[in-house]
Each structure stands twice: as structure tokens, then as C-alpha cells.
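Okay, here's what each chain looks like letter by letter:
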Amino acid sequence: MANRGNFSGRLGFIMAAAGSAVGLGNIWKFPYEAGQNGGAAFLLIYILLTFLLCYPIMLGEIAIGRKAASDAYGSYKQLGGKNWGYLGLYGILCGIMILSFYNVVAGWAFGYFLEISFGNLLDHPNYGTFFSEYVIDFWDNLIFSACFMAITAFIVLKGVQKGIEAASKIMMPALFSILILLIIYSLTLPNASAGISFYLLPDFSKINFQTVYSALGQAFFSLSLGMGALITYGSYVNKNQNILSSAATITVMDMSVAFLSGLLIFPLVFSQGQSPAEGPALVFVVLPGIFNSMGPIFGRVIGGGFFLLLCFAALTSTISLLEVPVAYFVDQKKWSRKSTTWLLAGIIFILGLPSMLSQGAVKMFSSLPFYQGRSALDFVSEVFSDISLPLGGCLMTIFIVRRWGTHNMSEELYQGNETYKNSLLEKYINFSIRYICPVILGIFSILIIIDKFYGVDKLMN
Ligand code: TRP
């Protein structure tokens with residue numbers, strides 16, 4: 001037990017967990033989801049769900065991990081018996097599958113960073129064509145995502161303090177600084193205010209079932225909840241640390257970066273008269289045009305800076321995703337950290353190949369017959385993240401309520417924060433864990449599954 005590793009202190013944990021949270025989800029996914037789902041209305045629901053459901057769930061995960069001081073599987077097993085251990089394994093599987101496609105998109109970001117800064121991307125006559133040709137280029141994708149996975153593995157194998165914590169402590173402040181500089185620039189562009197009002201003035205007629213569940217899925221994904229990443233990180237936290245305030249800081253940091261990315265991207269998009277509802281290609285297709293308009297040198301610097309930012313954000317997240325299965329094999333099977341890390345990185349990379357080849361390179365993966373002709377990347381991301389994370393969160397709250405006990409969760413949270421005892425916050429958190437989370441997440445999990453495979457609108461008519 002002694003040498004499992006642990007964070008050096010409060011800052012180390014916050015930076016690593018915020019690093020896990022802040023990622024492609026904030027900078028790539030959040031703006032395009034918001035752009036497709038009515039801008040401000042989406043933002044509002046997203047913030048509401050985060051306070052109502054996600055913060056309590058985050059506390060639950062960290063408390064479970066710190067109490068049991070083990071990986072996701074070991075923690076559930078120790079606190080709840082062998083059968084609950086399967087919930088941990090479910091989370092580990094989700095982590096593996098999420099990393100498999102996440103690394104592909106991270107590879108695009110890495111490739112774009114190089115192509116913009118040092119290549120000729122900005123001179124290309126059509127960025128839409130460039131992107132669709134880029135994502136089917138086998139060798140580029142293979143090499144860049146392999147590099148990304150290798151860098152991830154290299155940091156993870158160095159361990160909790162020297163690898164994960166050290167990397168996050170450098171990259172998170174760097175990310176914040178690049179982001180702020182880019183926003184200052186974007187706000188000075190002509191017509192920036194149209195982007196701001198799209199983003200900040202809600203149009204409630206845009207809200208429907210899909211807006212709400214996209215916001216829910218986005219919130220879970222963005223905060224790295226529902227699959228045991230924070231159980232694993234929680235297991236490296238010292239007993240005297242105040243989990244309540246750390247989790248609040250992590251949540252606020254994650255929301256701020258998502259919020260700020262919107263503030264960066266929508267003024268850019270509107271200043272060029274582009275559509276905010278571009279979908280997943282938003283940052284890859286719309287932004288290069290904007291960088292190009294900044295002139296050859298400035299465009300390279302700002303554009304390169306943006307994609308470098310995306311790489312930093314993605315890297316602190318891939319680290320956390322890889323750490324979850326690594327911790328499992330190291331804790332449970334007593335494998336060495338080094339060989340486990342390389343082995344898993346290799347396997348997960350291979351598992352990502354269908355997603356990598358699903359953007360038109362290989363027809364079989366680009367149009368799955370059993371998934372309404374959609375791509376393998378859509379399939380993996382929707383099944384293992386949009387569906388599985390809210391479901392995992394739901395099952396975790398059931399675990400706390402029916403097996404471990406909310407009083408035990410509270411006990412764990414008292415350590416490091418005596419004032420939590422009998423506070424209003426404690427009553428609220430317990431109420432949310434007991435009723436709000438299981439009910440809302442349960443209902444949504446079922447509806448999301450129906451929607452993904454059959455379409456909820458068909459059901460309602
Ligand atoms: N939260 C990260 C993002 O927003 C992705 C991520 C990292 C993640 N670890 C996770 C998502 C664990 C779900 C579960 O990009």
C-alpha cells in the first residue's frame with residue numbers, strides 16, 4: 001500500500017483533476033455542441049446540471065477513492081463486496097474505449113498544430129476539403145495519434161507525482177494563459193458582438209429533449225465523471241485534504257474553460273459570417289479560415305497557439321484516462337507500472353484504429369449498418385460516453401445509497417472539513433445523491449439509449 005503513489009498536496013490534486021476535466025471536451029466539443037443547441041440556452045442548462053448533479057457525483061467519486069485507497073475496481077470491491085467490483089470494471093472498460101477514440105481526435109489536434117505552424121495548411125484554398133482529406137490520410141493519422149499515445153504513456157509511467165502532477169502543474173497554467181491571450185484578440189474583431197449575443201442571450205425556444213441530454217452528456221464527459229477516473233485520482237489524495245473545496249475548484253475551473261472557449265470561438269465565427277452549427281468540424285474547418293485572415297505570420301502564431309492549447313488540454317485528459325486501467329493492473333494484478341503502461345497504451349491504440357479509419361478511409365467503419373449507417377467514432381463515443389457515463393453516475397449513486405451509505409460518504413467528507421457536519425450543504429448533497437441523481441440519471445439513461453438506437457421523436461409521435 002505504501003508505495004501506490006499520492007499527490008504532494010492540495011494544489012497537485014486540483015491541477016491533475018482539473019487537467020483531467022479540462023480537455024477536448026471543453027475546447028472542441030463544448031463550442032460545437034453549444035453552437036448546434038442554441039448557444040446560451042445550452043450553456044444555461046449545462047451550468048444548472050453541473051450544480052444539481054455533477055458536483056455531488058464528483059464528491060461521491062473522490063470520497064469512494066480516498067476511503068478505499070484503491071483503483072476503481074478495488075475501491076468498489078472493498079467498500080461493497082465483489083459484485084460491486086463489476087461496476088468498477090465497467091468504468092475501466094469505458095475509460096479504455098473513451099481513450100481509444102479520444103486519442104484519435106487528439107492526434108488531429110496535434111497534426112493541425114504542426115500543419116498550421118510549420119506546414120502550408122493556411123494556404124489551402126478550401127479548409128473543409130483539407131479536413132476531410134486530412135482525416136482519411138492513413139499515415140498522418142497513424143503517426144500523430146501514435147505520438148500522442150506515446151507521450152501520454154511516457155507521463156503516466158513516471159507515476160503520480162513526478163508524471164501526472166508535474167505535467168499538469170505546467171500545462172494547466174500554460175493553457176489558461178494561451179486561452180486568455182486568444183480571447184483578448186478575438187474580442188477585438190469586427191462583429192464580435194454578434195457572437196457574444198448568440199452565446200450569452202438565451203433563446204428558450206431552442207430547448208428540447210436533445211438539448212438537455214446533450215448538455216448532460218457533455219457535463220459528465222467534461223468533468224470526467226461516471227467511470228472512476230476521480231475514484232482513481234481520489235485514491236491518491238491525503239486524508240487531511242478538503243475534498244469539498246477541491247471539487248468545487250475543479251468544477252469551476254472546468255466550467256470556466258468551457259465558457260471561455262465559447263467566448264473565444266463564437267466571436268471568431270461570427271466575425272467571419274460563418275455558421276456556429278458546423279458540428280464536430282467547427283474548430284478544424286471554421287477556425288483555419290479565421291487564422292488565415294490574420295495574415296501569414298500572425299495566423300501561424302495565433303492558429304498554432306490555438307492548436308497547441310488543444311494538445312495541452314487533451315494530454316492532461318488522456319493521462320487520466322490511461323491511469324484508470326493502469327492503476328487497476330498495478331493494484332490488483334501487481335503488474336509493474338512501466339510494462340502495464342506501455343502494454344495498455346499499445347492495446348488502446350489498436351482499439352482506436354476503427355475510429356481512426358471511420359472518417360471515410362474504410363467504408364466498413366465509416367458507415368456501420370447496425371448503427372444507422374453512422375461512423376465507428378460516433379458509435380464508440382456515444383455508447384461509451386454519452387450513454388455509459390450518466391448510467392455509471394446513476395449506478396454509483398445507487399451504490400452509495402444502498403450499499404456504502406450516505407453517512408459513510410459524509411464521514412469521509414468531514415475529514416479535512418469539520419464544518420461540513422450538519423451543514424445545509426451536507427443536507428443538499430445527500431438529498432441530491434439519494435433522490436435527484438438516481439432518478440434523473442436513471443430516466444435519462446433509458447431515454448438516451450432509446451434515442452441513440454431508435455430515435456425518441458419516433459417514440460413520442
Ligand atoms: N474530461 C475530458 C475532456 O473534457 C475527457 C476525459 C478525461 C474524460 N478523463 C475522462 C471523460 C474520464 C470521461 C471520463 O476532454
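Focus on the overall build of the chain
Argument step 1. Tallying secondary structure elements over the chain gives 21 helices and 0 strands in all.
Argument step 2. Against the globule reference of 23 Å for 461 residues, the chain gives a C-alpha radius of gyration of 21 Å, in line with a compact fold.
Argument step 3. Taken along the three principal axes of its C-alpha coordinates, the chain extends 60 × 50 × 45 Å.
Argument step 4. For the chain, buried positions account for 62% of its 461 residues.
Argument step 5. When contacts within the chain are restricted to residue pairs at least 6 apart in sequence, those whose partners lie at least 24 apart make up 80%.
Argument step 6. Within the structure as shown, the chain displays about 17,400 Å² of accessible surface, and the carbon and sulfur contribution to it stands at 66%.
Argument step 7. In the chain, which carries 26 positive and 23 negative side-chain charges, the distance between the mean positions of the two groups comes to 12 Å.

Notes on helix 12 (residues 243–271)
Argument step 1. Counted at 1.5 Å a residue, the expected span for helix 12 with its 29 residues is 42 Å, and the 42 Å between its end C-alpha atoms agrees.
Argument step 2. Taken across its 29 residues, helix 12 has 23 buried, putting it largely inside the fold.
Argument step 3. With a side-chain oxygen positioned 3.1 Å from the backbone nitrogen of Leu244, the residue opening helix 12 is Asn242.
Argument step 4. Positioned one or two residues after helix 12, Gly273 has a phi angle of 65°, which is positive.

Describing the side chain of Glu165
Argument step 1. Along the chain, Glu165 turns up in helix 8 (residues 160–187).
Argument step 2. Non-local contacts of Glu165, meaning those with residues more than four positions away in its chain, are made with Phe7, Ser8, Gly12 and Val160.

Concerning the packing of helix 3 (residues 40–68) against helix 4 (residues 72–80)
Argument step 1. The N-to-C vectors of helix 3 and helix 4 enclose an angle of 80°; their axes lie 9 Å apart at closest approach. Classified by the angle between their axes, helix 3 and helix 4 sit roughly perpendicular to one another. The segment helix 3 lies against helix 4, with Ile64, Gly65, Lys67 and Ala68 engaging Ser75, Tyr76, Gln78 and Leu79.
Argument step 2. Here the contact of helix 3 with helix 4 is composed, by residue class, of 4 nonpolar, 3 polar and 1 charged.

The rules behind the values
- Residues numbered from 1 in each chain as written.
- Predicted model: local features only at pLDDT ≥ 70, side-chain atom pairs only at ≥ 80, totals over all residues.
- Heavy atoms only, no water.
- Helix = DSSP H or I, 4+ residues; strand = E, 2+ residues; numbered from the N terminus.
- Rg over C-alpha atoms; globule rule 2.2 N^0.38 Å.
- Buried < 20%, exposed > 50% of the residue type's maximum accessible area, 1.4 Å probe, protein only.
- Contact = heavy atoms within 4.5 Å.
- Areas by Shrake-Rupley, 256 points an atom, 1.4 Å probe, with all protein chains shown as cover.
- Lys, Arg positive; Asp, Glu negative; His and termini not counted.
- Charge placed at Lys NZ, Arg CZ, Asp CG, Glu CD.
- Expected span 1.5 Å × (residues − 1).
- Polar contact = N/O pair within 3.5 Å; in protein donor to acceptor, adjacent residues only side chain to side chain.
- Axes fitted to C-alpha atoms, helices over the stretch in contact; angles between N-to-C directions.
- Parallel < 35°, antiparallel > 145°, perpendicular 65-115°, else oblique.
- Nonpolar A, V, L, I, M, F, W, Y, C, P; charged D, E, K, R; others polar.

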